[in-house]
Every structure is written in C-alpha cells, then in structure tokens.
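Structural description and commentary
Each chain, letter by letter, is given below.
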Amino acid sequence: MYYAIISHDVDESLPLRQQARPEHLARLEQLRDQGRLLLAGPFPGADTENPGDAGFRGSLIVAEFDSLEDARAWADADPYVAAGVYKDVEVQPFKRVLP
C-alpha cells in the first residue's frame, strides 16, 4: 500500500537541509530503484520552483511500504529527521486514484 509522509520544517531549515540532502536523496533513490516511490518533493517557502533564501517549508513523499509501521520507521530514519530539519512528520495511508 502507498503511504504519504508529510513533513514540516523548523524555521530557517535551509542550511540543515543542504547538509543532509545527499543522504536524504540517496534513500529516495533506493525507493525509486525498487519501484516503490510514487512521488517526492519539498514545499517551497515562496511561490516559485526555486525559492532561493526562502528555502522550504516541508516535504511530501508518497511511497509503497508493507505496513503503516514500516512507513513510520522509514520516515523516522530520514537523515532530515536526524539533522533537525523537520519539526514534525505525519504518516498516513494513501490511496492512489489518478493517474
């Protein structure tokens, strides 16, 4: 089943994101290579694709896991969590309808 991992950043998270980004992306690439990643990306801090110094407000990942517990464990092990980027992380079941 798919699960949505919705994360919200702490204030001024951009330097923390930049430091942990390579490890964060490597985990997402593993999910992609396993055919389990539906989508992933950040919420820009400004209404533009490249928010510059405005940074990001959080992230959304939708991926396939065996259970809600597995999805939560994966989310808890995110390098962004360890780096203090996220102030909170929510994991919910997600039903893909379209496309």
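Attention here is on the structure that accompanies the text. (Residues numbered from 1 in each chain as written. Predicted model: local features only at pLDDT ≥ 70, side-chain atom pairs only at ≥ 80, totals over all residues. Heavy atoms only, no water.)

1. Brief notes about helix H1 (residues 14-33)
Spanning 20 residues, H1 covers 27 Å between terminal C-alpha atoms, matching the ideal 28 Å at 1.5 Å per step. All of the buried residues along H1 are Leu 14, Arg 17, Ala 20, His 24, Arg 27, Leu 28 and Leu 31. In this fold, the buried residues of H1 make contact with strand E1 (2-9), strand E2 (37-44), strand E3 (56-64), helix H2 (68-76), helix H3 (79-83) and strand E4 (86-94). Immediately beyond the C-terminal end of H1, within one or two residues, lies Gly 35, with a positive phi of roughly 75°. (Helix = DSSP H or I, 4+ residues; strand = E, 2+ residues; numbered from the N terminus. Expected span 1.5 Å × (residues − 1). Buried < 20%, exposed > 50% of the residue type's maximum accessible area, 1.4 Å probe, protein only. Contact = heavy atoms within 4.5 Å.)

2. Thoughts on a negative patch on the surface
On the surface, Glu 64, Asp 66, Glu 69 and Asp 70 cluster together into a patch of negative charge. Mapped onto the secondary structure, Asp 66 falls in the loop between E3 and H2. (Patch = residues over 30% accessible without salt bridge, like charges linked within 9 Å, V, L, I, M, F, W, Y side chains within 5 Å. Areas by Shrake-Rupley, 256 points an atom, 1.4 Å probe, with all protein chains shown as cover. Salt bridge = Lys/Arg side-chain N within 4 Å of Asp/Glu carboxyl O. Lys, Arg positive; Asp, Glu negative; His and termini not counted. Charge placed at Lys NZ, Arg CZ, Asp CG, Glu CD.)

3. Some points on the packing of aromatic side chains
Scanning the entire structure with this criterion turns up 3 aromatic pairs. The interplanar angle of 50° and the centroid separation of 5.8 Å between the aromatic rings of Phe 65 and Trp 74 together place this pair among those described as tilted. Connected via pairs of aromatic rings, a cluster forms that spans Tyr 3, Phe 65 and Trp 74. Stacked on the ring of Trp 74, the Lys or Arg Arg 27 has its end atom at 4.0 Å from the ring centre. (Phe/Tyr/Trp six-rings, centres within 6.5 Å; stacked < 30°, edge-to-face > 60°. Lys NZ or Arg CZ within 6 Å of the ring centre and 35° of its normal.)

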